[in-house]
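# Close look at the chain arrangement
The chain contents come next:
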Amino acid sequence: MVLWSLAISVAAGLALVPSSPIAAIAEVFGACCGIFNALLVMRGNESLARHRSVAAFVLSSVLRIAVFGIVPVAFAVHGPAWAIGTYFFGFFMPLAVYVLIVARKLRPDSTL
């Protein structure tokens, strides 16, 4: 998941450089944040299953949403407003890659 996400993100970022270097950086940084977020979610789910502490899970989720929601605003302030979109494209890239990987493993005869 990590390698595919980074590969797609870097390719998309390089394609965005002529339009806006800030948007390209936002896209790649969004992918890095998305990977980090996915790993934190996995760790939080494992911790929730082990300790059954819903309060700690909710608190960590709210903090994650706050941090990863504030970051794209900085890119929009210093670059074009549409840099927020490129950030979120990169942010959700690991999730999309993960879905494709799981779908392929569940259906080995598929062409995904």
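Just so you know, these numbers come straight off a predicted model, no measurement behind them.

## Concerning the nonpolar core
Nonpolar side chains in soluble globular proteins tend to end up buried together. Counting eight residues, the largest nonpolar core is built from Ala 23, Ala 26, Cys 33, Phe 68, Phe 75, Ala 83, Tyr 87 and Phe 91. Contributions of two or more residues to this core are made by helix H2 (21–51), helix H3 (54–78) and helix H4 (83–106). Excluding anything up to four places from it in sequence, Ala 83 contacts Ala 23, Ala 26 and Phe 75.

## Some remarks on a nonpolar patch on the surface
Residues Ile 84, Phe 88, Phe 92, Leu 95 and Val 99 make up a contiguous nonpolar surface patch of about 430 Å² in total accessible area. Checked against the element boundaries, Phe 88 lands in helix H4.

## Things to note about the environment of Glu 27
Tracing the backbone shows Glu 27 in helix H2. With relative accessibility at 0%, the residue Glu 27 sits in the buried group. Residues Glu 27 and Gly 13, spaced 14 residues apart in sequence, show a C-alpha to C-alpha distance of 6.0 Å. Beyond its immediate sequence surroundings of up to four residues, Glu 27 is in contact with Ser 9, Ala 12, Gly 13, Leu 16, Thr 86, Tyr 87, Phe 89 and Gly 90. Reaching out from Glu 27, the side chain makes a polar contact with the side chain of Ser 9 at a distance of 3.2 Å.

Conventions and cut-offs
- Residues numbered from 1 in each chain as written.
- Predicted model: local features only at pLDDT ≥ 70, side-chain atom pairs only at ≥ 80, totals over all residues.
- Heavy atoms only, no water.
- Core = buried A, V, L, I, M, F, W, Y, C linked by side-chain atoms within 4.5 Å.
- Buried < 20%, exposed > 50% of the residue type's maximum accessible area, 1.4 Å probe, protein only.
- Helix = DSSP H or I, 4+ residues; strand = E, 2+ residues; numbered from the N terminus.
- Contact = heavy atoms within 4.5 Å.
- Patch = residues over 30% accessible without salt bridge, like charges linked within 9 Å, V, L, I, M, F, W, Y side chains within 5 Å.
- Areas by Shrake-Rupley, 256 points an atom, 1.4 Å probe, with all protein chains shown as cover.
- Salt bridge = Lys/Arg side-chain N within 4 Å of Asp/Glu carboxyl O.
- Polar contact = N/O pair within 3.5 Å; in protein donor to acceptor, adjacent residues only side chain to side chain.

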